[in-house]
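# Summary of the model geometry
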Amino acid sequence: MDIKEQEVKPRSFTNLNRYMKAAMSSWGDTNIKQIGYAEIEDFLFSQKVSDKTRSNIKSCLHTFWTWLRKRRVITLQQFPEFPEIKFNLGFRKIIDKDTQEKIIDEVKRISYHRNPKIWLGIKWLATYVSIRPGELLKMTERDIDTKLGYFIVLHTKEGKEKLVPMIEEDKELIESMPTGLPHLSFFRHGRGVSGVKPGQPFGEKYLYKWWKKACSNLGIDGIDLYGGTRHSTVTALRKQFSPEQIKAGTMHSTNKAFDRYLQVQTDDALSIYEASRSGKRMANKNGNRKLSKLP
């Protein structure tokens, strides 16, 4: 765990530490070489967690055994098999672009006087679909380069930086704002906010809080920040771009991750259904056959 603490983000480390402590509690002083498929399976399915979390625990343990093999604590022959853990990731609720724009406009109305960057952050999440909320909030002043015309995203989920091109209107908007020292967080509090100091970075739930407040004002329920911005924008783009083009825009590295954002088969299915109805209407018009009445 000392090694992992240096390799992963704090939140990831917290989860890994919790998983390993659960395993230590379950297996106690058992020799690691005596733990096989049966013991691992029994442990995993004794945990009162979701299938997704159970899969995460399995991945953690698999990484631990791989580390043991690399350090020659165990041999390849002593490496246990791991059970298959199946899970389905749920799809977030999404909204159409008109509703999305209404919410973003409401965010601007209720927050712009307090801090324009609340609205700006939410607007950018709905525009730059390759940037995650956590990545956005970690940007410093130097990471938003209007001269180059790029957002420089350093703290990514994949662990490698990415350059995200900036549209012209946002360049002009940023250049019209007062700037701070290069190392300061771009998304930071100003004066007059209770409980925080001026210059303190936004908390991870801060934009979500304002998004939900705007939704509440408009009577919109059940749409979270991620689903209402990134997911909804990606789905709406399907009307103008191919899945391959959209995937390039989202910068997803795998199809599995991308498919959670865009169910690419739905448009093909819709075309088939529309063609089917069109064919029926044409046949009926030509008198070839009559449509049966629905009960």
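Definitions and cut-offs
- Residues numbered from 1 in each chain as written.
- Predicted model: local features only at pLDDT ≥ 70, side-chain atom pairs only at ≥ 80, totals over all residues.
- Heavy atoms only, no water.
- Helix = DSSP H or I, 4+ residues; strand = E, 2+ residues; numbered from the N terminus.
- Contact = heavy atoms within 4.5 Å.
- Axes fitted to C-alpha atoms, helices over the stretch in contact; angles between N-to-C directions.
- Parallel < 35°, antiparallel > 145°, perpendicular 65-115°, else oblique.
- Nonpolar A, V, L, I, M, F, W, Y, C, P; charged D, E, K, R; others polar.
- Pairing = 2+ DSSP bridges.
- Buried < 20%, exposed > 50% of the residue type's maximum accessible area, 1.4 Å probe, protein only.
- Arc of directions from axis to C-beta.
- Phe/Tyr/Trp six-rings, centres within 6.5 Å; stacked < 30°, edge-to-face > 60°.
- Lys NZ or Arg CZ within 6 Å of the ring centre and 35° of its normal.
- Salt bridge = Lys/Arg side-chain N within 4 Å of Asp/Glu carboxyl O.
- Patch = residues over 30% accessible without salt bridge, like charges linked within 9 Å, V, L, I, M, F, W, Y side chains within 5 Å.
- Areas by Shrake-Rupley, 256 points an atom, 1.4 Å probe, with all protein chains shown as cover.
- Lys, Arg positive; Asp, Glu negative; His and termini not counted.
- Charge placed at Lys NZ, Arg CZ, Asp CG, Glu CD.
- Core = buried A, V, L, I, M, F, W, Y, C linked by side-chain atoms within 4.5 Å.

### Describing the environment of Ile118
Within the secondary structure, Ile118 sits in helix α6 (residues 116-127). For Ile118, the contacting residues outside a window of four places in its chain are Val107, Ser111, Phe202, Tyr206, Leu207 and Trp210.

### Looking at the packing of helix α9 (residues 206-218) against helix α10 (residues 225-237)
Packing of α9 against α10 brings their axes to within 9 Å, and their N-to-C directions diverge by 95°. Taken together, α9 and α10 sit at an angle that is classed as roughly perpendicular. Only Leu225, Gly228 and Thr229 of α10 make contact with α9, whose side of the interface consists of Leu207, Tyr208 and Trp211. Residues that form the contact of α9 with α10 fall into these classes: four nonpolar, two polar and no charged.

### Details of the sheet that holds strand β2 (residues 150-153)
The strand order across the open sheet formed by three strands is β1-β2-β3, and the pairing between neighbours is antiparallel. A strand with exactly one partner marks an edge of an open sheet, and here the two such strands are β1 (144-145) and β3 (162-165). As paired elements, β2 and β3 share four bridges and run antiparallel to each other. Paired with Phe151 across the two strands is Val164, which belongs to β3.

### Points about helix α3 (residues 37-46)
Among all positions of α3, only Ile40, Phe43 and Leu44 are buried. For α3, the arc enclosing every buried residue in end-on projection is 95°, short of the 170-degree limit, so these residues lie on one face.

### Describing the packing of aromatic side chains
With the rule as written, the count across this model stands at 16 aromatic pairs. Ring geometry for Phe64 against Trp65: centres 5.7 Å apart, planes inclined by 80°, an arrangement best described as edge-to-face. On the basis of relative accessibility, which here comes to 26%, the residue Phe64 falls in the partly exposed class. A network of ring pairs unites the aromatic residues Trp124, Tyr128, Phe151, Phe186, Phe187, Phe202, Tyr206 and Trp210 as a single cluster. Of note, Lys108 hangs over the ring of Tyr112, and the distance from its end group to the ring centre comes to 5.4 Å. Of note, Lys117 hangs over the ring of Phe186, and the distance from its end group to the ring centre comes to 3.9 Å.

### Topic: the packing of helix α5 (residues 97-111) against α9
Packing of α5 against α9 brings their axes to within 9 Å, and their N-to-C directions diverge by 105°. The angle between the axes of α5 and α9 places the two elements in the roughly perpendicular class. Seen from α5, the contacting residues are Lys102, Ile103, Ile104, Glu106, Val107, Arg109, Ile110 and Ser111; seen from α9, they are Trp210, Trp211, Lys213, Ala214, Cys215, Asn217 and Leu218. Class assignment of the residues belonging to the contact of α5 with α9 gives a composition of nine nonpolar, two polar and four charged.

### Thoughts on the pattern of salt bridges
Following the criterion strictly, the structure yields eleven salt bridges and no others. Across the salt bridge formed by Glu168 and Lys171, the nearest N and O atoms sit 3.5 Å from each other. Separated by three residues within a single helix, Glu168 and Lys171 lie in helix α8 (residues 168-175), roughly one turn from each other. Glu168 gets classed as partly exposed once you look at its relative accessible area, which sits at 48%. Of the residues examined, Lys171 reaches a relative accessible area of 18% and is grouped as buried. Linked through salt bridges whose partners overlap, the residues forming this network are Lys117, Glu141 and Arg188.

### Observations regarding a negative patch on the surface
A contiguous patch of negative charge on the surface is contributed by Asp96, Asp98, Glu101 and Asp105. Along the chain, the position of Glu101 falls in helix α5.

### Here's the deal with a nonpolar patch on the surface
Taken together, the side chains of Leu148, Tyr150 and Leu163 present a nonpolar region at the surface, about 290 Å² in accessible area. Among the secondary structure elements, Leu148 is positioned in the loop between β1 and β2.

### Some points on a positive patch on the surface
Where like charges cluster on the molecular surface, the positive patch consists of Lys9, Lys52, Lys138 and Lys157. By the secondary structure assignment, Lys52 is in helix α4 (residues 51-70). Using a relative accessible area of 31% as the deciding quantity, one classes Lys52 as partly exposed.

### Quick look at the nonpolar core
Among the nonpolar cores identified, the biggest contains 35 residues, and Trp124, Ile131, Leu136, Ile144, Phe151, Leu207 and Trp211 are the most heavily contacted of them. Contributions of two or more residues to this core are made by α5, α6, α7 (133-137), β2 and α9. Sort the elements by how many residues they give to this core and α6 lands first, with seven residues. Not counting residues within four places of it along the chain, the set of residues in contact with Ile131 comprises Leu125, Leu136, Met139, Phe151, Val153, Val164 and Arg230. Judged by nonpolar contacts, the second largest core, of 17 residues, contains Ala23, Leu44, Leu68 and Ile74.

In short, shape yes, function no, at least from these values alone.
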